Structures are given as C-alpha cells and as structure tokens.
Amino acid sequence: MSHAARLMRALTDPESTDEDERPDPSRVTDEELGDLFVAAYRVDTSDALVRRTAAAAVRAAAGERQPRYTPAACRRMFDLLVEECEEHGWADLTLGLDALRHCTGPRPDVSEPARALVGLWQDKASVRQPYALLAVAALAGDETSAAAVEWLSRDVGPIVADETAVIARLAPAEQAALSEMGRENRFVPPPAHTWHASAETPAYVAFTRRALEAAADRTDAIRAGEIPYRADKAFTDREVTTLGQALRVALLRDEPWLPELFDRLLPGIALAPTAAKTLPSQALLYEVVRAAQDFPTPELATAIRTVRGTVRHAGVPRQLDKMLKKVDAALAERTDVALRLPRTDFDDDGVLRRPAGDHEAVVTVTDTATLTWEKDGRPLRTVPAPVRRDHAALVKELRDLVKRINAQLATLLRALEGGFTTDAVHPYGWWRTELAGHPLARTLVGRLIWEIEVAPGEWRAVLPETDRAALPDAPDDASVRLWHPLRSAPDAVGAWRDLLTERRIRQPFKQAFREIYRLTPAEERTGAYSNRFAGHLVHYRRMFALFRARGWRSRLLGPWDAGDGDEAERTLAAGEWRIRFRHTWSDQAGENELATTDQVRFNRRQEDTWHETPLADVPPLVFSEAMRDVDLFVGVTSIATDPDWTDGGDRRAYWERAAFGELPETALARRDALERLLPRLKIADRCTLDGRFLRVRGDLRTYKIHLFSANVLMEPDDSYLCVVAARRPADRTVFLPFDDERLALILSKAFLLAADADITDETILRQIDRGA
C-alpha cells in the first residue's frame, strides 16, 4: 500500500492505525494531496457528513499546503459534486473551481457535470454561491451561462443584476478567482485574497463605483420624495451584500472618489426623510461599518462617527460605538492610510477658538484634545451657564470634535507603532507638512525620534521637539522613518535615553526605552518555534482582554468542548507575517481562570498561503516586535505579579520561581530606566540596583523589590513582605519616561519602604516586626 493510501486510511478510519505508525502527511506530494482530497468524497458511505469529515481530515493533514489536481482528479471532483448535489441538495461549487485553478495539466472537459450542477441549482428556491455558479455555468457553455444570468437576476434589484452581468462577461480565470466572494451570509467574510483578486479585475472595479453611486442616487431620491420611504427597505438583502462587497474593493484600492460618496450615502441610509426614528437601510449602515472593519480609512471612520450623531433610532448609536472600536483597531494596522489626517481650522500651534456670545471656546491639541472656556481671556473651570443655555449645539459640536480628534490621535499612534514591522518610510517633504507640522499631530510626532536619509545609506536621527529648526536639509523625496533601538548601537540608544530623562520628555509610546528581542541560542536549536515564554501560569481572562486590545485573534477558552487550547495569532508587516502563540486553558482558582503558555511560531504568506518559517528567517524587526507582544501578555497577566497569591502545590512553586526569577526584556528596560531615575529621587541615598532587585534601605529593615513582579523580600532572610501600594510614586513630581504601571508600582513601594518608620498600616508592620 502506498504512503498516500495508508494516510487516507488513517485519516478516514483512525482506529485502523496505531498512533506511532500513522503516516507523515509531509511525505505526500501536492498532487497526491489533491487525489486524496477528491478520494475523501468517494469514501464508501451514504452519509454525506462522513464524506465531508473525511475531506476535512485531509485538509487538516495538508496544513497550509495547497493541493494540486491532475486533469483526471478535476473531472472526478465535478462528477462527485453532481452526485452530492443530487443526493443531498447542495455541494460546495468552489471545490471544483479550486481544482481547475490548480490543475497540473490541460483543463479537462467538465461541461457536462457543470451543466448538471447549474440545472440542479436552478431547481432550488434560494440562491447559494451565486458567483461560483456563474463560473460553473460559463464552463457549461453560452446557453447555460445566459440562463444562469437570467435566473440570478430575478427579484434581486438592479445593482445585483448589474453585478451578475459583469461577472458573467469576465474571463474564466477571473470568474474563478471571484467565486469565493459569494458568502452564505454577509456576517461571514470570504478569504482575504478574494478581495485582492476583485481589486485587480478592471471590470469589477468599474462596477464598484457604478454600484455605490447608484446606491447614493437611490437614497437621494428617497430623501427627495421621488421614491416612497419604507423603513429598512431601500435595498434588497442581496443588494446590501453586493454593496458591502463593492465597498470593500473600493476601500482596499483607497479610491479617491470615496470621501465625497460617503457624504451622500451614509446620511442617506441612516436618516429617514420624515421625523421617523427608523432608518432607510439599517442593514446597509451596519454592512458599511463591517466593511470599514476590514479595510478602514480615516475618512470613512469620520463619516461613520458623524452620522452616528444624527441617527434617531435609540439602539443604533450604541451598536455603532461597539463596531467603531474594531474600526479604530483595524485602521491602526493599515499603516498605509492611517497617517492621513484631516485638514482643520486649527492654527499651527494646535488651537481652535470659537465665539459663544460673551465667551469663547478653546480646543487645544497636545497629547490629547481638550475643550476649555474663556471670558475676556480668562480661563473658566466649567462650561458657563449662558453657553449651556444659549449655545447647546456648539457645546455638543465641540465635545464631539474633541472625541473625534482623540480617536484619530490614538489611531495615529497605533499606526506609527505598527509601522515598525513594515519598516515604513515616508517622503521627507510630506512628513514635514503632514505629520511633524500638522496642527493635530505635531506635539506627538515631535516627541518621537525619527531618522532622515540625508545621503544614500546615511541616516540622521532627530527629535523634533528639542529643536525643530535643526531638522536636516534634505530633498523632499528623501526617506524618513521612525528610529528603532534594534537598528542602533548601544551607545546611541543610551544617549537618547539620557536625553529624554534629562529633559523630562515622555514619549507617546515606548521608543527609546523599547525592549529588543534577538534570537537566542535555544531558539536557534529549536528552529521552528520558541519556548522563551512557555510554561507560565497566567490569569486567562486578563490575557484574553490583552489579545483583543493588541489586535490579536483568539477563541475564548473555558471548560467546554474544544475550549481547552488555542493559538492566538496576529498578522504583522502589512499581512506578510503571522505570529502564533499557543496557550491552554488550565483550571479555575476561585474566581480566577488560569491558562498555561506554550510555543510561539511564525508563518509567512506566499501566494495567499501561510507557510511555517524557521525563526532565523524572520526579519529581526518583525521577530522583536512580535515577541515583545508575547512578553507583554506574560508580564502583565502572570500570577507571579499577584502579591496576594496564596494557592499551594505546583501553582505556588511557579509563583515562587517566577516572582523572583530572571528578568525578561520588559524588566530589563525597567532597570535601565531606574538607573537614570534613581539619582534624581529624594530617596536616592537609600536605593541601589542589585541584579534583579531594587534594594531599599529603610529605618527598620532593608528590602528587595523584584523588577519584574514588584514583589518584596526583606533582608537578611529574604522573608516575603506582602504590600499593596498605590500605582504611582508617593512623590508626584517623579518623572517617568514611559507609561509602565509596574515601574510606577516599584517606585511607589520604594518610597513607602524607605520611610518604613512612618508606616501606619498594621498588616505591613506586623510582617516587618515578625521578621526583624
């Protein structure tokens, strides 16, 4: 029996093969894999579920490889699809089209089974996979194709009819590429590469503008009374899906005509032409926002927020607020468009003034936007009563403006930080005017370190806030990029850290003090995976929340079927790389759900397929930034950072080992910051850095604060001191060069323990006295 045959038997009948004798899928060629996939549908059973399960087993064994099909296998696949459709009323047409697309030889004649499939489809009351059906109909000949077009265009609205005619006229390869765009419902997205195929098809690109402008024309006509208003009936259900797809393609291409269209379409679908609280098309409004989650632009995000304030339906704004959070997160990942800031009426210093009777509103943008009020040049603490009474609309308008600007600034920062993995560069002339000189961004951008390529291969680092007049003289097309410590010598990194500390410049995100992760000897040996962060016990729900906040995708785990483990994943470098972080739901400890961390792996996208990649082949910046996220997950959620942890057994052993163990990169960066901060503190003469600890001399005892966990030991016997201090230094004048709750907690404990004679908390004093 061949290796492929033994593998098929093992997959379809697992009990027939011992675990240690199971064939290795990697030894099967791509063509054999295609034959296996077809053979899975020929399993000797009348149960379609068993056949589909066998096919799924082959697909799982294939991993991320793409099966290839011989001409005979392609024909067999189409015949099997006819059989399944006859027996069970439906078959996945994209399987046959995928086989043809990856055929290893001349395409076989499949006109007969294709004609049969179209006939079987037309006997159904509902339409499934319309785009795949058009591609299959084209394989059957002109007569069948024309009949399919006519059938698919019935009672679906003119926009869908136009799309159907466009796809029917495409070349077979283009039809096949677009076939996966057909979705069972608009809430389930097709594969990402489908949108790219559509965006590269000129006829479909032309249709997207025609369709969206037709939709805007229809809402204009409803608003003008030319079409009777019916709540949520402006478009058919199929039109909503089609318009969502057209919008995604246009957004992916970042079409310049879209902003003007948003100004017409969004109010048209969100606001009834009467006083009714209903919407012309609530379905299309939500579909537009889902499209924005897939391919966001700043203009669409702003248009959604604008229309959110005009919707009369009570529940819609709440739903939009939830959906907009995903839009903002996605926009930050789309670094090629996220840095595009709107033109405003703010002056060069980021200030906007608006009169309100005898008072004046002042919106000021620095790190964030703030709204204040003045009278005769004097600032007021609250909104004046006359302004609230006579200018309520202005107050609301400016409050909404502040919220919108703060959302834009948060997105800008996430996009800038996300640009590290793409090694994003910008033209110097554009950077000077649209970022460093933009009234909304100048403060934030000015506190980041940038590199300008002043000559080929020669980069000069600058911090605009320290001296904007000293920016180098370089041509407008010179390259600018964010400085990263991984690209700099240790002395240069230290110099920037010294400068920021001395001048008390706090960066909008950690840059000069950013952690660096290089490949370790252990990772060179393991090759395909890293165990650097494996074996930690973490608070699961906290880690799951961090996944969401950092743009990672993961299933929620728990004590249910298939809830025992998952791989959290995130795409980086404009979708070229993917990091996977394995973790397992462990147990419940009181109110806490626990998880155990495991391996980290990397994949690279090649020809729309993910391939596992050795760690040594991952670009250093991508590797460093990805591992930094994982370190963050462990560092923030490890039970080792919980000072009140009391469980015994293995959990306690882990707590004792990790709470005072070796320092990860995040803690090493913390130590580096403390080296610069300690000499400036009032308690400097009582503090020293000693390896993994900050050693603090009090009047009663000497204490060691661990730089990772912030847990405290007392000398001379290293007895544990449980102390919960405020998460900010007691001396509020202490400057921190970056936002780090653990660093603030360490300093807070240091100030407390340096003055231990003044402590009044009996629970702390009893522990100190007991060990003295």
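Everything discussed here concerns the structure shown above.
Computed from a prediction, not measured in an experiment: that's the story for all the values here.

A. Looking closely at the pattern of salt bridges. Across all of its chains, the model carries 56 salt bridges by this definition. Notably, a salt bridge pairs Glu417 with Arg628, separated by 3.7 Å at the nearest N-O pair. Residue Glu417 is located in helix α20 (residues 392–418), and its partner Arg628 is located in helix α26 (residues 620–637); the two are separated by 211 residues in the primary sequence. Residue class for Glu417 comes out buried when judged on its relative accessible area of 16%. Relative accessible area serves as the criterion here: at 12%, Arg628 is assigned to the buried category.

B. Highlighting the packing of helix α23 (residues 490–502) against helix α28 (residues 665–677). Interaxial distance between α23 and α28 falls to 10 Å at its minimum, and their mutual angle equals 55°. With respect to α28, the axis of α23 lies oblique. Relative to α28, the crossing made by α23 is right-handed. Only Asp672, Arg676 and Leu677 of α28 make contact with α23, whose side of the interface consists of Gly494, Arg497, Asp498 and Thr501. The residue inventory of the contact of α23 with α28, partitioned by class, reads 1 nonpolar, 2 polar and 4 charged.

C. Seen up close, the nonpolar core. In terms of nonpolar packing, the biggest core is built from 87 residues, with Leu212, Phe235 and Phe262 touching the most fellow members. Leave out the neighbours within four places in its chain, and Leu212 touches Leu243, Ala246, Leu247, Ala250, Trp257, Leu258 and Leu261. If you look at the next biggest cluster of nonpolar residues, it comprises 60 residues, including Trp655, Ala667, Leu707 and Ala744.

D. Expanded view of the sheet that holds strand β7 (residues 458–462). The sheet built from 4 strands is open, its strands ordered β5-β8-β6-β7 with antiparallel pairing. Every other strand in the sheet has two partners, leaving β5 (426–427) and β7 as the edge strands with one partner each. Two strands pair when backbone bridges link them, and β5 and strand β8 (residues 479–482) are joined in this way by 2 bridges, in the antiparallel orientation. Opposite Pro427, over in β8, you have Ser479 as the bridge partner.

E. Expanded view of the pairing of strand β13 (residues 592–606). Pairing between strand β9 (residues 529–530) and β13: 2 bridges, direction antiparallel. Residue pairing for β13: Ser530 is matched across the bridge by Val600. Pairing of strand β10 (residues 537–539) with β13 involves 3 bridges; the strand directions are antiparallel. Across the sheet, residue His539 finds its bridge partner in β13, namely Leu594. Relative to β13, strand β12 (residues 577–589) runs antiparallel, the two being bridged by 11 bridges. Bridge pairing links Arg580 to Arg601 in β13. Taking the residues between adjacent antiparallel strands as the criterion, β12 and β13 are bridged by 2 residues, where Gly590 takes a positive phi near 65°. Across 4 bridges, the pairing between β13 and strand β14 (residues 609–612) is antiparallel.

F. Here's a closer look at unusual backbone geometry. Going from Glu715 to Pro716, the amide bond is cis rather than trans, its omega being 10°. Position of Pro716 relative to the elements: it lies in the loop between β18 (712–714) and β19 (719–721). One non-glycine residue with positive phi stands out, namely Asp423, at about 55°. Here Asp423 is to be found in the loop between α20 and β5.

G. Region of interest: the sheet that holds strand β4 (residues 378–380). Here we have 4 strands laid out as an open sheet, ordered β1-β2-β3-β4, and antiparallel in their pairing. Taken across any chain shown, the strands that pair with only one partner, and hence form the sheet edges, are β1 (351–356) and β4. The mean angle between the axes of side-by-side strands here comes to 35°, regardless of whether they run parallel or antiparallel. Sheet strands in contact with α20 are β1, β2 (359–365) and β3 (369–375), and its direction is about 150° off that of β3.

H. Spotlight on the packing of aromatic side chains. Under the criterion given, the structure shown has 16 aromatic pairs. Aromatic side chains Tyr204 and Phe207 sit 5.3 Å apart centroid to centroid with 50° between the ring planes, which places their arrangement in the tilted category. Placement of both Tyr204 and Phe207 in helix α12 (residues 202–223) is noted, with a separation of 3 residues, approximately one turn of the helix. Each member of the pair, Tyr204 together with Phe207, is buried. On the basis of an interplanar angle of 50° and a centroid distance of 5.3 Å, the ring pair of Phe513 and Phe738 is categorised as tilted. Here the residue Phe513 occupies a position in the loop between α23 and α24 (521–526), and Phe738 occupies one in the loop between β19 and α29 (741–754), the gap between them amounting to 225 residues. Judged on exposure class, the residue Phe513 and its partner Phe738 are both buried. An aromatic cluster of at least three residues, connected via ring pairs, comprises Phe547, Trp552, Phe581 and Phe633.

I. Geometry of helix α9 (residues 158–168). Along α9, the residues classified as buried are Ile159, Val160, Glu163, Thr164, Val166 and Ile167. Down the axis of α9, the smallest arc covering the buried residues is 160°, so these residues share one side. On the buried face of α9, the contacting elements are α7 (130–140), α8 (142–152), α10 (172–178), α12 and α13 (237–253).

J. Fine view of the packing of helix α17 (residues 315–333) against α20. Between α17 and α20, the least distance of the axes is 7 Å, while the angle of their chain directions is 40°. One way to sum up the angle between α17 and α20 is to call them oblique. α17 and α20 meet at a crossing whose hand is right-handed. Across the interface between the two elements, Asp328, Ala329, Leu331 and Ala332 of α17 pack against Ala407, Thr411, Arg414 and Ala415 of α20. Residues of the contact of α17 with α20, tallied by class, amount to 5 nonpolar, 1 polar and 2 charged.

K. Highlighting the environment of Thr466. Turning to its location among the elements, Thr466 is positioned in the loop between β7 and β8. Among the residues examined, Thr466 registers a relative accessible area of 30% and is labelled partly exposed. As for Thr466 and Ile505, which are separated by 39 residues in sequence, their C-alpha atoms are 9.3 Å apart. Those residues within four positions of Thr466 in sequence are excluded, and the remaining contacts are Leu499, Arg503 and Ile505. Polar side-chain contacts of Thr466 include one of 2.7 Å to the backbone oxygen of Leu463.

L. Structural context of the layout of surface pockets. Within this model, the second largest pocket holds a volume of roughly 520 Å³. Taken together, 27 residues make up the lining of the second largest pocket; nearest its centre are Thr302, Thr306, Pro342, Arg404 and Gln408. Mapped by element, the contributors of at least two residues to the lining of the second largest pocket are α14 (258–270), α16 (298–308), β1 and α20. Looking at the lining of the second largest pocket, the element that brings in the most residues is α16, giving 6 residues. Across the lining of the second largest pocket, the residue classes break down as 14 nonpolar, 5 polar and 8 charged.

Cut-offs used in this document
- Sequence order as written defines residue numbering, which begins from 1 separately in each chain.
- Per-residue local features of the predicted model are confined to residues with pLDDT of at least 70, and side-chain atom pairs are confined, for both listing and counting, to 80 or more; whole-chain, interface and lining totals are unaffected and use all residues.
- Note that the side-chain values use all heavy atoms of the structure and ignore hydrogens as well as water.
- We define a salt bridge as a contact between a side-chain nitrogen of Lys or Arg and a carboxyl oxygen of Asp or Glu at a distance within 4 Å.
- Under the scheme used here, helices are H or I runs from DSSP no shorter than 4 residues and strands are E runs no shorter than 2 residues, and both carry numbers assigned from the N terminus.
- Relative accessibility under 20% of the residue-type maximum defines a buried residue, over 50% an exposed one, and the middle range a partly exposed one, all with a 1.4 Å probe and only protein chains included.
- Every axis in this analysis is a line fitted to C-alpha atoms, fitted for helices over the stretch in contact. Angles between the N-to-C directions lie between 0 and 180 degrees.
- Under this scheme an angle from 65 to 115 degrees is roughly perpendicular, one under 35 degrees roughly parallel, and one over 145 degrees roughly antiparallel; angles in between are oblique.
- Note: crossing handedness is left-handed where the near helix turns anticlockwise from the far helix by less than a right angle, and right-handed where it turns clockwise.
- Contacts between residues were defined by any pair of non-hydrogen atoms, one from each residue, lying within 4.5 Å.
- Amino acids outside the nonpolar list (Ala, Val, Leu, Ile, Met, Phe, Trp, Tyr, Cys, Pro) and the charged list (Asp, Glu, Lys, Arg) are all regarded as polar, and Gly is one of them.
- Nine residue types can take part in a nonpolar core, namely buried Ala, Val, Leu, Ile, Met, Phe, Trp, Tyr and Cys, and a core is a set of them joined through side-chain atoms within 4.5 Å.
- At least two bridges found by DSSP between two strands is the condition for calling them paired.
- Two aromatic rings from Phe, Tyr or Trp, using only the six-membered ring of Trp, form a pair when their centres are within 6.5 Å; if the ring planes differ by under 30 degrees the pair is stacked, by over 60 it is edge-to-face, and anything between is tilted.
- In this description, one arc is meant: the one made by directions from the helix axis to the C-beta atoms.
- For the purposes of these results, a polar contact is taken to be a pair of N or O atoms within 3.5 Å, where, inside protein, one atom must be able to donate a hydrogen and its partner to accept one; residues adjacent in sequence count only when each atom of the pair is a side-chain atom.
- Put simply, the grid is 1 Å and covers the protein atoms alone, a cavity is a trapped set of points that fit a 1.4 Å probe, a pocket is an open set with protein on both sides within 12 Å along at least five of seven lines, and lining residues have an atom within 4 Å of a point.
- Grid points are joined across faces, edges and corners, and a volume is the space filled by probe spheres set on the points.

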